[in-house]
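As a plain string of letters, each chain reads:
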Amino acid sequence: MAYNEFLAERVHRFFTDNKVAFRIMKMMGGLCYMVNEKMCIGVIEEAVMARIGTEKYEAALLKEGCEEKIDSIRAMKGYVFLTEDATDMDADLAYWLQLALDFNPLAKASPKKKKKTK
């Protein structure tokens, strides 16, 4: 299993219940929830990856079940991985999802890839 389907359904339900416009992309072996064409939340294996920005990053790491997102050899500042300890209760998951949604308007979109010409 590439991602926890129950966890993905909980994320989907939160976004739907809160009338968040989003689309889902398969990415990084899991699902990526795009809001305003920017990565907001990922569900990868048994964890949630949240894009919360650098301003709240250090304080977030002090919370139970919140870990750095490591890419190759360095931490990706502004992204956190949330274990089951951080997302088990609906209210806890909602906290992290809302934190990511609050940051989303400030996030920079990835540059569009140019199509290769033959």
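Position numbers for residues count from 1 along each chain, tracking the sequence in the order it is written. Only residues with pLDDT of 70 or above have their local features reported here, since the model is predicted, and side-chain atom pairs are shown and tallied only from 80 upward, although totals for entire chains, interfaces and linings are computed over all residues. Processing note: side-chain calculations cover all non-hydrogen atoms of the structure and skip hydrogens and water entirely.

Novice: Even after reading the chapter, I still don't get the overall build of the protein, so can you show me in this structure?
Specialist: The helix and strand tally for the protein stands at four helices and six strands. Judged by the C-alpha coordinates and their principal axes, the protein covers about 50 × 30 × 30 Å. The proportion of buried residues among the 118 residues of the protein is 43%. Expressed as a percentage of contacts within the protein between residues at least 6 apart in sequence, the contacts between residues at least 24 apart total 50%. Note on areas: these come from Shrake-Rupley sampling with a 1.4 Å probe, and a residue is covered only by the protein chains present in the view. Surface summary for the protein: the accessible area is close to 7800 Å², and the carbon and sulfur share equals 53%. One finds the centroid of the 19 positive side-chain charges in the protein at a distance of 15 Å from the centroid of its 18 negative side-chain charges. Here a helix means four or more residues in a row that DSSP labels H or I, a strand means two or more in a row labelled E, and each is numbered from the N terminus. Each residue gets one of three labels from its accessible area relative to the maximum for its type: buried under 20%, exposed over 50%, partly exposed in between, using a 1.4 Å probe on protein chains only. Contact criterion: two residues are considered in contact whenever any of their non-hydrogen atoms come within 4.5 Å of each other. We treat Lys and Arg as the positive residues and Asp and Glu as the negative residues; His and chain ends play no part in the count. In this description, the location of a charge corresponds to atom NZ of lysine, CZ of arginine, CG of aspartate or CD of glutamate.

Novice: Which parts of the structure should I look at to understand the environment of serine 110?
Specialist: You can see serine 110 is positioned in the segment after α4 (90-103). The exposure class assigned to serine 110 is exposed, which follows from its relative accessible area of 60%. Taking the C-alpha atoms as reference points, serine 110 and lysine 38, separated by 72 residues in sequence, lie 7.1 Å from one another.

Coordinates in, geometry out; function isn't part of it.
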